[in-house]
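# Coordinates in review
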Amino acid sequence: MNYEEYLRRVPKVELHCHFEGTVRPQTFADLANKHGVELPTQDADKLYDYDSIYEFLKIFAMVSSTLRDQEDFARAAFESIEDGVKLGNLKYREMFFNPTLHTGRGIPYKTVVDGLVDGAREAERELGVKCRLIADVYRQDAPEVAREMVEQVLEHRPEEVIGLGMDGAEAPDPPEKFVEAYRLAKKGGLRLTAHACEDAPAKNVATCLDVLGVERIDHGYHVLGDPELVKRTRDEGITYTVCPTATAVCYFDADDLTKHPIRQMVDEGLTIMINSDDPPMFHTDIGREYVGMVQAAEWGPDRVREFVMNGIDGSWASDDEKRQMRQEFERELDELDAQLER
Ligand code: ADE
Ligand code: ZN
């Protein structure tokens, strides 16, 4: 087996993947058709073309606007997990969704979350993959909107919903804006994470850890600008959920992952694990993210094993689930290692 095939077949955990960003172009087109949403082109895939987070977020909102009925959410959630399994041997996922992108246009929160749970449970039955959910604050919302969203999440809470996160454009809306939403979520027993240092200075990582109380950092690249904070998060073993292609397209060099700051994060000893972010919207998938980033950085199988184990350790699965995943992953990785051409 060559290394590319090996990397695709490595068992994977994903902790940074946005439901709305995983909708297949065909499903986007079907749902637009179903609900009479006019798209600027019939070829939905053609809309997935941007080079800034702002342009991307416009299309992300357009995809979201085609999701209306509980069945739409269920279908897209199932397909999203199925793609992870088929294209990258996904075993476990904690997936973001943006409640206010839906409730803000009149879709009841219950419709959204019940649909996602339907899709996740079907995927667990058919594919054996567990997918939990993290409600994301949308940074461009007002603080009160985010706090009300957390109230809704806590009021109607299927067991799959385990956490609060934060996404959207980072530079104009710093994390401290949402301290109240995070306080409420913590009080309600949700686990906490946030996008930080995607395109804003290192201090956002410190704010997320010290003011919001997050346990993980989603992205984190610009932490490299503060050596003290690099040391601190290395010593504390904070998990960084990094996404090669999406950020290369929006912020770094889209054509050259060899220059991606993820490489330096690894050289600095930070705990990273690899994710797909919004896979079809950046013409990628979780298998391809491993293939592209690992080969660009010339990391060997031992490093890859470290990253997938970081995914298990950094997840919010129970201790029992983690133990089982570690055993299963070790066994699959040993088998793959034995078949790898060196
Ligand atoms: N929403 C979906 N993907 C995102 C990302 N990578 N950064 C910020 N907001 C997002
Ligand atoms: Zn993201």
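As shown above, the structure is provided for reference.
Attention here is on the structure that accompanies the text. Fair warning: this is a prediction, and the values are worked out from it, not measured in the lab.

Of all the nine residues making up strand β3 (residues 130–138), eight are buried; the element is thus mostly covered by neighbouring parts of the structure. As paired elements, strand β2 (residues 90–97) and β3 share six bridges and run parallel to each other. Directly across from Tyr92, in β3, lies its bridge partner Lys130. Inspection of the sheet shows β3 paired to strand β4 (residues 161–167) by six bridges, in the parallel sense. Bridge pairing links Asp136 to Gly165 in β4. With helix α7 (residues 143–155) bridging β3 and its parallel neighbour β4, the resulting β-α-β unit is right-handed.

Time to look at the site of ligand 1. Around ligand 1 lies a shell formed by His18, Ile53, Phe56, Leu57, Phe60, Asp167, Gly168, His195, Glu198, His219, Asp277 and Asp278. Between a nitrogen atom of ligand 1 and a side-chain N or O atom of His18, the distance comes to 3.2 Å. Measuring from a nitrogen atom of ligand 1, one finds a side-chain N or O atom of Glu198 at 2.9 Å. In isolation ligand 1 has 260 Å² of accessible area, and contact with the protein removes 98% of it. At four residues, helix α3 (residues 53–64) tops the list of elements feeding residues into the shell around ligand 1. Along the lines of polarity and charge, the residues of the shell around ligand 1 split into four nonpolar, four polar and four charged.

The geometry of α7 relative to helix α8 (residues 179–187) is characterised by a closest axis approach of 8 Å and an angle of 15° between their N-to-C directions. It follows from the interaxial angle that α7 and α8 lie roughly parallel. Read as a crossing pair, α7 and α8 show a hand that is right-handed. The segment α7 lies against α8, with Ala146, Arg147, Val150, Glu151 and Leu154 engaging Glu180, Ala181, Leu184 and Ala185. Here the contact of α7 with α8 is built from residues that sort into six nonpolar, no polar and three charged.

Further remarks concern the sheet that holds strand β5 (residues 191–196). Reading across from one edge, β1-β2-β3-β4-β5-β6-β7-β8 is the order of the eight strands in this open sheet, with parallel pairing throughout. Each of the sheet's edge strands pairs with one partner strand only, and the pair in question is β1 (12–14) and β8 (271–274). Across the sheet, the axes of successive neighbouring strands diverge by a mean angle of 25°, strand direction being ignored. Across the sheet, helix α14 (residues 301–314) is in contact with β1, β6 (216–219), β7 (239–242) and β8; its angle to β8 comes to roughly 100°.

Conventions and cut-offs
- Residues numbered from 1 in each chain as written.
- Chains lettered and ligands numbered in written order.
- Predicted model: local features only at pLDDT ≥ 70, side-chain atom pairs only at ≥ 80, totals over all residues.
- Heavy atoms only, no water.
- Buried < 20%, exposed > 50% of the residue type's maximum accessible area, 1.4 Å probe, protein only.
- Helix = DSSP H or I, 4+ residues; strand = E, 2+ residues; numbered from the N terminus.
- Pairing = 2+ DSSP bridges.
- Right-handed = clockwise from strand over helix to strand, strands pointing away.
- Near = heavy atom within 4 Å.
- Polar contact = N/O pair within 3.5 Å; in protein donor to acceptor, adjacent residues only side chain to side chain.
- Areas by Shrake-Rupley, 256 points an atom, 1.4 Å probe, with all protein chains shown as cover.
- Nonpolar A, V, L, I, M, F, W, Y, C, P; charged D, E, K, R; others polar.
- Axes fitted to C-alpha atoms, helices over the stretch in contact; angles between N-to-C directions.
- Parallel < 35°, antiparallel > 145°, perpendicular 65-115°, else oblique.
- Left-handed = near helix turned anticlockwise from the far one by under 90°.
- Contact = heavy atoms within 4.5 Å.

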